[in-house]
Amino acid sequence: MAFLKYEDVLLKVAGESIFAQQASINVSTSLEPVRLIDGSIRRYAASNGARGTLSFSHYLTGSIASFLDVTGVAETSTNGSFGGLTFDNAYLKSMQFQVQPYAPILVESSFDFYGSFSNSISASHDVELAKDKYSHAIKSFVAGTPSNMNHTLSFSYAVNAARTPVYLAGETVPTRVTKEATNIQMTVQGDNIGTNINHGGAEANLRCSIFDINDSTALQNFHCSGRISQQELNVDQQGYLVGQISVIEADQ
Amino acid sequence: MKNASLSYEQNFFVNGTGLSGVQSINGSYGINEQPINIIGHGYVNNIINQPLEGEFTIQRTLINEDALLNMTGDNIAFSGVVTYKHGAVSTGSFGFHSGYLTSYSMSCEVGNLPSVSTNISVYGDLGPGILSASESLGLGTAAAADKTIEPPNAGTITISCDELQTSTNRIVSFSHEVNCPRQAVYALPVSASDTKAKLPVQVDSVYPIEETTNLTLEIDDYQTKNLYDYLTGVFTGKVDIDINGNNGTNLASFHLDDARLISESFSSDVNGVALANLTFINYTNRTR
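1. Examining the overall build of chain A
For step 1, the next point in the chain: Within chain A, the regular secondary structure consists of zero helices and 13 strands.
For step 2, the next point in the chain: By the burial criterion, 33% of the 252 residues in chain A qualify as buried.
For step 3, the next point in the chain: Pairs at least 24 apart in sequence give 70% of the contacts found in chain A among residues at least 6 apart.

In C-alpha cells:
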C-alpha cells in the first residue's frame, strides 16, 4: 500500500501511545554551499547538526503525562516512534492550549529532536488507545482573574522552554541540550480588564482547571503566578469590546 | 395508547397566552458535535463543539393581534410551548424558555387572509417540561385565551406608496419581512458546577434591522424606473401598510420611510394583465 491511513500511524513518546488528533515531524539540516573563487560549487558543508521538530495536538484524558510537563521535565531526552520511524534525542520544548466556550480542548506539544530517524515507515496502531474522558471547555474555568472581569470569553495557557544544543567537535548529535529560560504565559479575554497594568506589572495568580464534560474532578490544574505584562482592548464592526490581559511567569 | 394528537388537540402559547390561527409549528434542535479521531487508532467518540441552540418556525393566519409582532426588538426573550393531548388527557409538550424572534414575515393577496411566518432562535433548554409551574399555570385556561378574533378583509387593508401612484394603480399582493438576527455571547464557567455558563451571557440584535417589502401592482399608468438612474441616486419611496381587523382594531402596521427600491420587474401574459413587482428595502438602526 502506497499511503498509510491515520489509523495506522501511531505516535509513541517515552513508550506511551499518544491520544493525538494530529502530529507532524520534520528534520532539517543546515547546509551551506562552499563556493570557490571561480564560481564553482565545491561541496555542501553542514554548518550545524541535523535538527527536527515533533509537534502534535492531543486531548487531555487524565493528568498530563510527566514527559509532557515542560516545567517538570529535566534536561534529559526522550525517544519515541511515529509511523514506524523511531527517533531519540527528543527534548520537550513547549506546550499550549486554548479554551473557548463549548469547544473541545486540544493541547499542542512540541519537541526538538536531533539526529535522524531509524527503521522505515510501517503501519502501527494501538487498539487500547481509546479513552472515555476528553478535555472540554464546558466545565473548564480560570480562577484568579481581575475582579472587574465578570465574564471570561476565553483563555490560553502556554509554557515554553529555551533549549540550546551543545555539540562537541567531531560529533553530529549534541552531547547535551540545555533547558534554560522557562516561561509560562496566560492570556485571558473578558468583558472588562480595568486598570490592572503598571510599570512594575501588577501581580496575578491564575489557576485554570481543565475538565471532562461529565466529570466533577479536574483532569489537570495549571497555574500561572506572575505579573500582568500586557492588557488590551479590541473591538470590530458587529463585534464587542473585548479586553485581554496577559500574565507571564518566569518559572526557571 | 397508540393514539394520535390531532391539530385541534394542540395549542401554542407565547408567554402563557394562546395564539390563534396557527397553521403549522416546527420546533427543532440540532447538536453540533465533532468526531474524535485518533492517529494510530481511529474513531473513538463524538464530542460537542458548538453551543446548544434550537429553532422554532410558526406559520399563522392573521386573524387578530399578533403577540409575536412586538418581539422584533432588543432584549425581548419570550417563552413558548406547544401542548398536545388526545381527548381531555394532556400527553405532552414541547417548548422553550428563552426564545428570540429572528424574522417576521407577512404576505397577503386580494381574496385571502394575511399569512404570517415567524422564525425563533431558542437559547437554553428545549423540550418537554421546560416551563416552570408558575409559567405553565395558566396554560389552557380561559385566562390564557387569545385576543378576540377579528380577521381583516380586503377593505380593511390599506397599502400606499405615492411613488407608485397607488391611487391609480392597484396593489394586488404584498409581502413584508422583518429580519432581526441575533448574536449570542457565551462565556466560560466560573466553576465546574456553574450551570449558568450553558446559557449565553447576553443576546443582542444585530443592527441594522432589515425590512423588505415586496409589492405587486396591476398597471394602469405606472411607469417603471430606469435601471441606470440608480447611478445618479437611489430611488426611495415611502411605503405604508396598515392592516385592521373587521372591527377596526389595528392588527399590524408597517411604515417605511425612504425605503430603497432594489428590484423591479415587469410581467405580462395572454391570460392576464400587465404586472409590476417592486421590492423595497429599509434599514433601521439602533435607537438610543
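Here the narrative resumes.
2. Some details on the overall build of chain B
For step 1, the next point in the chain: When you go through chain B residue by residue, the secondary structure sums to zero helices and 18 strands.
For step 2, the next point in the chain: Its C-alpha atoms give chain B principal-axis dimensions of roughly 70 × 55 × 45 Å.
For step 3, the next point in the chain: Within chain B, buried positions represent 27% of all 288 residues.
For step 4, the next point in the chain: Contacts spanning at least 24 positions in sequence make up 70% of the contacts within chain B whose residues lie at least 6 apart.

3. Thoughts on the nonpolar core
For step 1, the next point in the chain: Ranked by size, the top nonpolar core spans 62 residues in total, and within it Leu11, Ala20 and Met186 of chain A carry the most contacts.
For step 2, the next point in the chain: The leading source of residues in this core is strand E6 (residues 85–99) of chain A, at seven residues.
For step 3, the next point in the chain: Setting aside its immediate chain neighbours within four residues, alanine 20 of chain A contacts Leu11, Phe56, Ser57 and His58 of chain A together with Ile38 and Ile39 of chain B.
For step 4, the next point in the chain: Judged by nonpolar contacts, the second largest core, of 24 residues, contains Met106, Val116, Ile157 and Phe174 of chain B.

4. Details of the interface of chain B and chain A
For step 1, the next point in the chain: Counting residues at the interface gives 23 residues for chain B, matched by 37 residues for chain A.
For step 2, the next point in the chain: Put simply, the parts of the chain that give the side of chain B that touches chain A at least two residues each are strand E4 (33–38) and strand E5 (42–48) of chain B.
For step 3, the next point in the chain: Ranked by residue count, the leading element in the side of chain B that touches chain A is E5 of chain B, at four residues.
For step 4, the next point in the chain: Residues that form the side of chain B that touches chain A fall into these classes: 16 nonpolar, seven polar and no charged.

5. Regarding the pairing of strand E3 (residues 20–35) of chain A
Residues and elements named next belong to chain A.
For step 1, the next point in the chain: Here E3 pairs with strand E4 (residues 41–59) via 14 bridges, running antiparallel. Pairing of proline 33 across the sheet is with tyrosine 44, part of E4.
For step 2, the next point in the chain: What sits between the antiparallel neighbours E3 and E4 is a turn of five residues, in which glycine 39 has the positive phi angle 90°.

6. Some remarks on the confidence of the model for chain B
For step 1, the next point in the chain: A residue-level look at chain B finds 94% of positions with pLDDT of 70 or above and a mean pLDDT of 88.
For step 2, the next point in the chain: Both confidence scores are given for the complex: pTM 0.89, ipTM 0.90.

7. Some thoughts on the environment of lysine 133 of chain A
Residue and element names in this part refer to chain A.
For step 1, the next point in the chain: Take lysine 133: it is sitting in the loop between strand E7 (106–114) and strand E8 (135–143).
For step 2, the next point in the chain: The sequence separation of lysine 133 and phenylalanine 56 amounts to 77 residues, and the corresponding C-alpha distance is 19 Å.
For step 3, the next point in the chain: Beyond its immediate chain neighbours, meaning those up to four positions away, lysine 133 contacts Thr61, Gly62, Asp212, Asp215 and Leu219.

8. Details of the environment of glycine 21 of chain B
Residues and elements named next belong to chain B.
For step 1, the next point in the chain: With respect to the helices, strands and loops of the structure, glycine 21 is situated in the loop between strand E2 (17–18) and strand E3 (22–30).
For step 2, the next point in the chain: Its 18 C-beta neighbours within 10 Å are what place glycine 21 among the partly exposed residues.
For step 3, the next point in the chain: Residues glycine 21 and proline 35 lie 14 residues apart in sequence; the distance between their C-alpha atoms is 43 Å.
For step 4, the next point in the chain: For glycine 21, the residues in contact, after removing those within four places along its chain, are Arg60, Thr61, Leu62 and Ile63.

9. Details of the pairing of strand E15 (residues 209–218) of chain B
All names here are of chain B.
For step 1, the next point in the chain: For strand E12 (residues 170–179) and E15, the ladder comprises nine bridges, and the chain directions are antiparallel. When the bridges of E15 are listed, serine 175 appears paired with asparagine 214.
For step 2, the next point in the chain: Where E15 and strand E18 (residues 275–284) come together, 10 bridges link them in antiparallel fashion. Each residue of the ladder has a partner; that of leucine 217, found in E18, is alanine 276.

10. Details of the environment of serine 154 of chain A
For step 1, the next point in the chain: Note on placement: serine 154 of chain A falls in strand E9 (residues 152–166).
For step 2, the next point in the chain: We classify serine 154 of chain A as buried; it has 20 C-beta atoms within 10 Å.
For step 3, the next point in the chain: Sequence-wise, serine 154 of chain A and asparagine 221 of chain A are 67 residues apart; in three dimensions their C-alpha atoms are separated by 16 Å.
For step 4, the next point in the chain: Not counting the four nearest positions on each side in its chain, serine 154 of chain A is found in contact with Gln98, Val99, Gln100 and Gln189 of chain A together with Leu188 of chain B.

11. Thoughts on unusual backbone geometry
For step 1, the next point in the chain: Cis geometry is found at the peptide bond from tyrosine 207 of chain B to proline 208 of chain B, where omega equals 0°.
For step 2, the next point in the chain: Within the fold, proline 208 of chain B resides in the loop between strand E14 (202–205) and E15.
For step 3, the next point in the chain: Phi is positive for alanine 14 of chain A, close to 50°, though the residue is something other than glycine.
For step 4, the next point in the chain: With respect to the element layout, alanine 14 of chain A can be found in the loop between strand E1 (11–13) and strand E2 (16–17).
For step 5, the next point in the chain: Phi is positive for asparagine 15 of chain B, which is not a glycine, with a value near 50°.
For step 6, the next point in the chain: Checked against the element boundaries, asparagine 15 of chain B lands in the loop between strand E1 (10–14) and E2.
For step 7, the next point in the chain: A count of 14 C-beta atoms within 10 Å places asparagine 15 of chain B in the partly exposed class.

Thresholds, definitions, all that
- Residues numbered from 1 in each chain as written.
- Chains lettered and ligands numbered in written order.
- Predicted model: local features only at pLDDT ≥ 70, side-chain atom pairs only at ≥ 80, totals over all residues.
- Helix = DSSP H or I, 4+ residues; strand = E, 2+ residues; numbered from the N terminus.
- Buried ≥ 20, exposed ≤ 12 C-beta atoms within 10 Å, placed from the backbone.
- Contact = placed C-beta atoms within 7 Å.
- Core = buried A, V, L, I, M, F, W, Y, C linked by C-beta atoms within 7 Å.
- Nonpolar A, V, L, I, M, F, W, Y, C, P; charged D, E, K, R; others polar.
- Pairing = 2+ DSSP bridges.
- pLDDT = per-residue confidence, 0-100.

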